[in-house]
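# A structural walkthrough
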Amino acid sequence: VLRCLGIPTRVITNFNSAHDKNLNLSIDKYIDMSGNNLHLSEDSVWNFHVWNESWFIRRDLGSFYDGWQVLDATPQEKSKGIYQCGPASTRAIKEGDVNLDYDSPFVFAAVNADCVTWIRYSKKRKERVYSDTRKIGKFISTKAVGTNSRVDITANYKYPEVKEISFKISYSQYKNSLMDDRKILVTAV
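Quick caveat, the model's predicted, so the values are computed rather than measured.

## Remarks on the sheet that holds strand S8 (residues 114-120)
Pairing is mixed across the open sheet formed by three strands, whose spatial order is S2-S8-S9. Since the sheet does not close on itself, it has two edges, and those belong to strand S2 (26-31) and strand S9 (126-132), each with one partner. Adjacent strand axes in the sheet meet at a mean angle of 25°, parallel and antiparallel pairs treated alike. Two strands pair when backbone bridges link them, and S2 and S8 are joined in this way by six bridges, in the parallel orientation. Across the sheet, the residue bridging to Ile27 is Cys115, located in S8.

In structure tokens form, the structure reads like this:
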């Protein structure tokens, strides 16, 4: 319908799509001390989920959020009392602006939630034992114009995952690196 009105629109597929039922931006799994699943969370991870994007000017949010907006025609949760999702700015999703209207936290979680496993010792005590920050939001894709090729647009939704690098240097190498004429820049992530 939006294309018929002259509004640029495209279909998006998100692989490993999170369904964050309680909007805490994580997909929580609870286990007991024996490792048995306790089924305390309604969060889930779907193999994939599909929605649409349309190109809008966002006078309500400011020009920073102009561009592609997420519209989900098959929302699984109510938003402001009805089943709807969007328009959520992809720029807001990428920047983590989850306090905006139009379901930004839900879409952010769909592409960027952490998968967290908790051991529940009692109703009042739990411990986080595992967190996977890279599982959700893989190969976010749309169809290329004029061909049947896939275009990866993951970078429109999230920054690249940081690759951890560990290395060791001797104390003498470290000490020498602090000399005024041989300073090094070390960035910790």
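## A closer look at the confidence of the model for the protein
For the protein, the mean per-residue pLDDT works out to 86, and 86% of the residues sit at or above 70. Element-level mean pLDDT values for the protein span from 54 in helix H4 (residues 171-177) up to 97 in strand S11 (residues 150-152). The model gives residues 180-185 a pLDDT under 50, and that stretch makes four contacts with residues more than four places away or in other chains.

## Quick notes on empty space enclosed by the protein
Overall, the coordinates contain one cavity of 30 Å³ or more when judged by the stated rule. Estimated volume of the largest cavity: approximately 110 Å³. Forming the boundary of the largest cavity are 15 residues, of which Ala18, His49, Asp72, Phe106 and Ala110 lie nearest the centre. If you list the elements that add at least two residues to the lining of the largest cavity, you get strand S1 (9-19), strand S3 (44-56) and helix H2 (104-112). Class assignment of the residues belonging to the lining of the largest cavity gives a composition of nine nonpolar, five polar and one charged.

## Overview of the side chain of Ser141
Positionally, Ser141 belongs in strand S10 (residues 138-143). Owing to a relative accessible area of 5%, Ser141 belongs among the buried residues under this scheme. There is a polar contact of 2.8 Å between the side chain of Ser141 and the side chain of Arg150. Residues in contact with Ser141, not counting those within four places in the same chain, are Val11, Ile12, Thr13, Phe15, Arg150, Val151 and Ile153.

Criteria and cut-off values
The numbers attached to residues start from 1 for each chain and follow its sequence in the written order. Only residues with pLDDT of at least 70 get local features here, since the model is predicted, and only at 80 or more are side-chain atom pairs given and counted; chain-wide, interface and lining totals rely on the full set of residues. Water and hydrogen atoms play no part in the side-chain values, which are based on all heavy atoms of the structure. For two strands to count as paired, DSSP must find a minimum of two bridges between them. The secondary structure listing takes helices from DSSP runs of H or I that are at least 4 residues long and strands from runs of E that are at least 2 residues long, numbered from the N terminus. Under this scheme, a helix contributes an axis fitted over its contacting stretch, all axes are lines through C-alpha atoms, and angles between N-to-C directions fall in the 0 to 180 degree range. pLDDT expresses, on a scale from 0 to 100, how confident the predictor is about each individual residue. Contacts between residues were defined by any pair of non-hydrogen atoms, one from each residue, lying within 4.5 Å. Any residue with an atom within 4 Å of a point lines the site, the site being either a cavity, points on a 1 Å grid over the protein atoms alone where a 1.4 Å probe fits but cannot get out, or a pocket, an open set with protein on both sides within 12 Å along at least 5 of 7 lines. Grid points are joined across faces, edges and corners, and a volume is the space filled by probe spheres set on the points. Ten residues, namely Ala, Val, Leu, Ile, Met, Phe, Trp, Tyr, Cys and Pro, are considered nonpolar, four, namely Asp, Glu, Lys and Arg, are considered charged, and the remaining ones, Gly among them, are considered polar. Each residue is assigned to one of three classes by its accessible area relative to the maximum for its type, calculated with a 1.4 Å probe on protein chains only: buried under 20%, partly exposed between the two thresholds, exposed over 50%. For this analysis, a polar contact is any N or O atom pair within 3.5 Å, provided that within protein one partner can donate a hydrogen and the other can accept it, and provided that sequence-adjacent residues contribute only side-chain to side-chain pairs.

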